[in-house]
Amino acid sequence: MPTAKIIATGSYVPSRRLTNADLEKMVETSDEWILERTGIRERRIAAAGENTSDLAYEAATAALSRAGLSADSLDLIIVATITGDMPIPATACFLQNRLGAHNAAAFDINAACSGFLFGLSTANAYIRSGMYKRILLVGAEALSRFTDWEDRNTCVLFGDGAGAVIIEASDGSVGIMSVDIHSDGSYWELLNLPGGGSKYPPSEEAAANRMYYIKMKGNETFKVAVRTLEKLVVDALEKNNLKASDIALLIPHQANLRIISATASRLGVGMDRVMVNLDRCGNTSAASIPIALDEAASSGRIKENDYILLEAFGGGLTWASAVIKW
Ligand code: UT7
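Throughout this document, residue positions are counted from 1 along each chain, in the order its sequence is written. Local features are withheld for residues below a pLDDT of 70 in this predicted model, meaning they are given only at 70 or higher, and side-chain atom pairs are given and counted only at 80 or more; totals for whole chains, interfaces and linings count all residues. Note that water and hydrogens are dropped before the side-chain values are worked out from all heavy atoms of the structure.

Q: Summarise the sheet that holds strand 4 (residues 76-80); cite the residues concerned and give the values.
A: With mixed pairing, 5 strands are arranged side by side in an open sheet as 1-7-6-4-5. Strands with a single pairing partner mark the edges of an open sheet, and in this sheet they are strand 1 (3-12) and strand 5 (105-109). Here the average twist between neighbouring strands, direction ignored, is 20°. Here a strand pair is declared whenever DSSP counts at least two bridges between the two strands. Elements are defined by DSSP. Helices are runs of H or I of four residues or more, strands are runs of E of two residues or more, and each kind is numbered from the N terminus. As paired strands, strand 6 (residues 134-142) and strand 7 (residues 160-170) are joined by 9 bridges and run antiparallel to one another. Along strand 7, the bridge assignment pairs Ala142 with Asp160. Note on geometry: axes are lines fitted to C-alpha atoms, helical ones only across the stretch in contact, with angles between N-to-C directions running from 0 to 180 degrees.

Take a look at the structure:
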């Protein structure tokens, strides 16, 4: 059975920075509160007319160019996103068209902040089964379009961006060792965007009730996240017969520095072995892990044969982990 190997990464964040000082002028908040409770200093905001597929395109072309591959060599494109360009078609189809990836099937995955790892699980399964040989997986979000800029509970958290990986079939000993994905829909009310679907179709009433914006019960989500992630990362190591000292780098979903530190501490990994870009990017949902992974790979923080552990938690609720030998 072939293994699935990440052969290249790429990422893109929009140029516009929104700082905590900027937010102080928009809602009743402070740099001190945001930094202390979340670890975020600034986030990037997509320009007018810059859509999720555009962010995905920049990340994807960076990964393709690093791999020295043309888009028509791709068998499949998966985009993990909750902020696609349109409800129909899939953002992956816009990306496929713009890339000229004529031989690739394309679809989206919605698993909120865990979306990239759900996509990795899907790509891993396709490659191990022999069905596809080369897959482009992108996590891309324009969360600023669905952020309620009058709600201080959520508007300080999110940012825009995209990260991409190219995954190939390999017969070597390195690659994706495990991906574990989980969901519990009974917690759907903790984190959602209620309007625009079949439950609350587009209407003036839905707009008046601000239903087209992301809602989150932050504190309750926080508690479930910490409890769940602590077990998730320990299970991921056990499953692969690894010790915490074997992990060269932990790459967590970037939601909150307190969640990240609690998970690292439970695992026994010092913060010097944890990838953090939350301070600069905020929470970019499905894009956060591939952006952090690209930053780690391109800055030399991951070397050949290193073990890396990825983990995420998000709306659904969903959570997931992956262990990769680089
Ligand atoms: O990405 C996927 C899943 N998401 C997460 O994992 C996020 C999980 N949650 C969190 O990261 C944190 O819960 C938040 C950062 C969202 C909030 O931090 P918290 O420590 O849980 O604060 P809280 O919601 O319990 O609010 C504490 C206080 C409240 O005031 P009172 O009721 O104590 O008077 C809030 O109204 O902080 C207030 N508050 C703010 N104050 C200043 C909430 N947002 C703000 C704000 N600025 N932006």
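Q: Hey, could you go over the pattern of salt bridges for me, with residue numbers and the actual values?
A: Pairs may arise between side chains of opposite charge once their charged atoms sit close together. Each salt bridge in this description consists of a side-chain nitrogen of Lys or Arg and a carboxyl oxygen of Asp or Glu lying within 4 Å of one another. Within the structure shown, the criterion is met by 10 salt bridges. Among the ionic pairs, Arg210 bridges to Asp148, the shortest N-O distance being 2.9 Å. Taken together, the residues Arg210 in the loop between helix 7 (204-208) and strand 10 (215-216) and Asp148 in the loop between strand 6 and helix 6 (152-155) connect sequence positions 62 residues apart. We call a residue buried when its accessible area falls under 20% of the maximum for its residue type, exposed when it is over 50%, and partly exposed in between, using a 1.4 Å probe and counting protein chains only. The class of Arg210 is partly exposed, set by a relative accessible area of 27%. With a closest N to O distance of 2.6 Å, Lys231 and Asp235 form a salt bridge. Taken together, the positions of Lys231 and Asp235, both in helix 8 (residues 218-239) and 4 residues apart, correspond to about one turn of that helix. The network of salt bridges with common partners includes Asp148, Glu150 and Arg210.

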